[in-house]
Amino acid sequence: MYARSPLLRSYVCLVLGLVIAPLVVVIAVSFNPTSQFMIATTAASLRWYIEFFNRTEYVHALFYVSLPLALAASALATVVGSLAAIALVRFKPAGRDMLEAAFMLPILIPSILLGAALYLFLVRFDAAGTYGALVIGHMLIGIPFVIRVVMAGVAGVNPAIEEAAISLGCSRIAAFRRAVLPLLRSSLWSGAIFAFILSFSDINVALFLTGPNTNTLPLQIFSDIQWEGDPTIAAASTIQMMVVTSLILLAQRFSRARLAF
């Protein structure tokens, strides 16, 4: 009944329009053939995309910092978060609720405060501004999302499957690896994708932990905006949106596969 309500549909369309409109404007500006920040009305041009790949700072930020950083952070967040999720669901340790709340702290604390705290901690070890510091910071913001996704996956697996494998001669580790882990594949991939997106899009944590040679793509865009750059900023933002959108669609595919199973 509510889904057919014209008022509800109008409200949903209005909200979607408010969310999508700024993104559409950025994409339109990226195809502007002139050097002004305006929407192209006469002709479209790839001038600023070519300029993006011709500028060393953007190429370095995307291919040598942001993408490898997101891959490393998401891989570590997936390993740590998955192990924590399995332990919380299967072993039910004492103080489980407190442990789960502790793992969720990077979500509850504003990311800019988390970045400042990590900087104050890592500067004592002369590690602030290094690539490793960025990996640690982005791993921390990705772990809570991995835990949530994997916990849901583990809770949906019938323990009888693992018990049956053990009764057939498998050790507990072998039973989990052969019988349970394949069922968690979509959850693991979904968690890894979310962690990758968070790292690839982050600016607050990176603002405190980045160094002269570890400028991420969002920080490079932010820096150029401060100095009133050209529409290359819009092209860079569009490329970032394309990567994130593709990963979100991929994560939705894994989620549908998990629900179908």
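Look up: the structure comes first, before these words.
Here's a quick rundown of the structure. (Residues numbered from 1 in each chain as written. Predicted model: local features only at pLDDT ≥ 70, side-chain atom pairs only at ≥ 80, totals over all residues. Heavy atoms only, no water.)

Section: the nonpolar core
Operational definition: As used in this record, nonpolar core signifies buried Ala, Val, Leu, Ile, Met, Phe, Trp, Tyr and Cys residues forming a set joined through side-chain atoms within 4.5 Å. For every residue, the accessible area (1.4 Å probe, protein chains only) is compared with the maximum for its type, and the residue is labelled buried under 20%, exposed over 50%, or partly exposed between those bounds.
Among the nonpolar cores identified, the biggest contains 20 residues, and Phe52, Tyr58, Leu62, Phe200, Leu217, Ile221 and Ala236 are the most heavily contacted of them. Ala84, Met104, Phe176 and Leu184 belong to the second largest nonpolar core, which has 19 residues in total.

Concerning the packing of helix α3 (residues 56–91) against helix α7 (residues 131–155)
Selection criterion: Working convention: axes come from line fits to C-alpha atoms, limited for helices to the stretch in contact. Angles between N-to-C directions cover 0 to 180 degrees. A run of H or I in DSSP counts as a helix once it spans at least four residues, and a run of E counts as a strand once it spans at least two, with each numbered from the N terminus. Geometric relationships in this document are graded by angle, where less than 35 degrees denotes roughly parallel, more than 145 denotes roughly antiparallel, 65 to 115 denotes roughly perpendicular, and other angles denote oblique. The crossing is said to be left-handed when, going from far helix to near helix, the turn is anticlockwise and less than a right angle, and right-handed when the turn is clockwise.
Running from N to C, α3 and α7 cross one another at 40°; their axes reach a closest spacing of 5 Å. Between α3 and α7, the interaxial angle falls into the category oblique. Seen along the crossing, α3 lies across α7 with a hand that is right-handed.

Regarding the environment of Leu88
Convention followed: Residues count as neighbours in contact if any of their non-hydrogen atoms are within 4.5 Å of one another.
Looking at the element boundaries, Leu88 is found in helix α3. Exposure remark for Leu88: the relative accessible area of 2% places this residue in the buried category. Placed 75 residues apart in sequence, Leu88 and Cys13 show a C-alpha to C-alpha distance of 40 Å. If we ignore the near neighbours within four places in the chain, the residues touching Leu88 are Pro93, Arg96, Leu99, Glu100, Phe103, Ile147 and Met151.

Quick word on a nonpolar patch on the surface
So the rule is basically this: To count toward a patch, a residue needs a relative accessible area over 30% and no salt bridge; like charges are then connected within 9 Å, while nonpolar side chains (Val, Leu, Ile, Met, Phe, Trp, Tyr) are connected within 5 Å. Shrake-Rupley sampling with a 1.4 Å probe provides the accessible areas, and residues are treated as covered by the protein chains on show and by no other component. Salt bridge, as used here: a side-chain nitrogen of Lys or Arg that lies within 4 Å of a carboxyl oxygen of Asp or Glu.
On the surface, Leu8, Tyr11, Val12, Val15, Leu16, Val19, Ile20 and Val24 cluster together into a nonpolar patch covering about 690 Å² of accessible area. Here Val24 is to be found in helix α1 (residues 6–30). Judged by relative accessible area, Val24 falls into the partly exposed class, the value being 47%.

Quick notes on unusual backbone geometry
Excluding glycine, most residues fall at negative phi; most peptide bonds, likewise, are trans. Within the chain, Asp126 stands out as a residue other than glycine whose phi angle is a positive 55°. With respect to the helices and strands, Asp126 occurs in the loop between α6 (111–122) and α7. With a relative accessible area of 69%, Asp126 lands in the exposed category.

A look at the side chain of Arg55
Inclusion rule: Pairs of N or O atoms within 3.5 Å make up the polar contacts considered here, provided that, within protein, one atom can donate a hydrogen while the other can accept it, and that residues adjacent in sequence are counted only when both atoms are side-chain atoms.
Within the fold, Arg55 resides in the loop between α2 (47–54) and α3. Here the side chain of Arg55 touches Asp224 through a polar contact of 3.3 Å, side chain to side chain. In contact with Arg55, other than residues within four places in its own chain, are Asp224, Asp230 and Thr232.

A word on the pattern of salt bridges
Side-chain pairs of opposite charge can arise whenever the charged atoms involved come near each other. Taken as a whole and judged by the stated rule, the model has six salt bridges. Glu57 is paired through a salt bridge with Arg55; the nearest N and O atoms lie 2.8 Å apart. For Arg55, a relative accessible area of 17% puts it in the buried group. Taking the shortest distance from any N to any O, the salt bridge between Arg172 and Glu162 comes out at 3.7 Å. Residue Arg172 is found in helix α9 (residues 172–180), and its partner Glu162 is found in helix α8 (residues 159–167); the two are separated by 10 residues along the sequence. On the basis of relative accessibility, which here comes to 6%, the residue Glu162 falls in the buried class. Taken together, the shared-partner salt bridges in this structure form one network comprising Arg55, Glu57, Asp224 and Asp230.

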